[in-house]
Amino acid sequence: MKKLILISILIFANGCNMSDQNFELPSNYIFVREGGNSNIVLQKNKLIIDKGAVDFSFDNKFIFFSVDCSLSMEPYKVPKEKLIYYIHDIEEDTLSKPLNYNFVRKFMIKNNVGKQNNILVKH
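The notes below deal with the structure included here. (Residues numbered from 1 in each chain as written. Predicted model: local features only at pLDDT ≥ 70, side-chain atom pairs only at ≥ 80, totals over all residues. Heavy atoms only, no water.)

**Quick word on the environment of Glu34**
Consideration 1: Within the fold, Glu34 resides in the loop between β2 (29-33) and β3 (40-43).
Consideration 2: When the C-alpha positions of Glu34 and Ala53 are compared, they lie 9.9 Å apart, and in sequence the two are 19 residues distant.
Consideration 3: In this view, Glu34 contacts Asp20 and Asn39; residues no more than four positions away in its chain are not counted. (Helix = DSSP H or I, 4+ residues; strand = E, 2+ residues; numbered from the N terminus. Contact = heavy atoms within 4.5 Å.)

Here's what the structure looks like:
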């Protein structure tokens, strides 16, 4: 009986971690999708966004991150206009301060970011 309980616990523990997804991005970023508001962003093993990361996109010049500051358990349902955004300039290796939706929209138009790389239209 003890063996059955131990096996059940191990299966449950492994099942919880199997849903995590790591996405390797340019400039040594890693987007860790853990679910809910627990998503994080790392760069060179340093925590850059500690929770609330919603999504990412990138092209050959920029990496874009969206973050839900309301800490909703369903961040993908938060309107894009209520998220904050960060832009990493790959060439200059710099990360912006938190930006609002309108600034990012204008930035993407000005820099000709293609629809497939536009974080504002993802999900």
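Resuming the write-up.
**Side note on the packing of aromatic side chains**
Consideration 1: Evaluation of the coordinates by the stated rule reveals nine aromatic pairs.
Consideration 2: Here the aromatic rings of Phe31 and Phe56 are separated by 5.0 Å at their centres, their planes lie at 50°, and the arrangement is tilted. Of this pair, Phe31 sits in strand β2 while Phe56 sits in strand β5 (residues 53-58), placing them 25 residues apart in sequence.
Consideration 3: For Phe31, a relative accessible area of 0% translates into the label buried.
Consideration 4: The exposure class assigned to Phe56 is buried, which follows from its relative accessible area of 9%. (Phe/Tyr/Trp six-rings, centres within 6.5 Å; stacked < 30°, edge-to-face > 60°. Buried < 20%, exposed > 50% of the residue type's maximum accessible area, 1.4 Å probe, protein only.)

**Some remarks on the sheet that holds strand β4 (residues 46-49)**
Consideration 1: If you walk across this open sheet you meet the four strands as β1-β2-β3-β4, and the pairing is antiparallel. The outermost strands of the open sheet, each flanked by one partner alone, are β1 (21-25) and β4. Across the sheet, the axes of successive neighbouring strands diverge by a mean angle of 30°, strand direction being ignored. (Pairing = 2+ DSSP bridges. Axes fitted to C-alpha atoms, helices over the stretch in contact; angles between N-to-C directions.)

**Observations regarding unusual backbone geometry**
A negative phi angle is the norm for most residues apart from glycine, just as the trans form is the norm for most peptide bonds.
Consideration 1: One non-glycine residue, Asn28, adopts positive backbone phi at about 65°.
Consideration 2: In this fold, Asn28 is placed in the loop between β1 and β2.
Consideration 3: In this model, Asp93 sits at a positive phi of 55°, which is unusual for a non-glycine residue.
Consideration 4: With respect to the element layout, Asp93 can be found in the loop between β7 (84-89) and β8 (94-95).
Consideration 5: Under the relative-accessibility criterion, Asp93 is labelled partly exposed at 42%.

**With respect to helix α2 (residues 101-110)**
Consideration 1: Of all the positions in α2, only Tyr101, Val104, Phe107 and Met108 are classed as buried. An end-on view of α2 places all buried positions within 130° of arc, on one side of the element. Projecting away from the buried face of α2 at angles above 90 degrees are the exposed residues Lys106, Ile109 and Lys110.
Consideration 2: Along its buried surface, α2 packs onto β6 (62-67) and β7.
Consideration 3: Put simply, Asn100 is the residue that caps the front of α2, since its side-chain oxygen is 3.2 Å from the backbone nitrogen of Asn102. (Arc of directions from axis to C-beta. Polar contact = N/O pair within 3.5 Å; in protein donor to acceptor, adjacent residues only side chain to side chain.)

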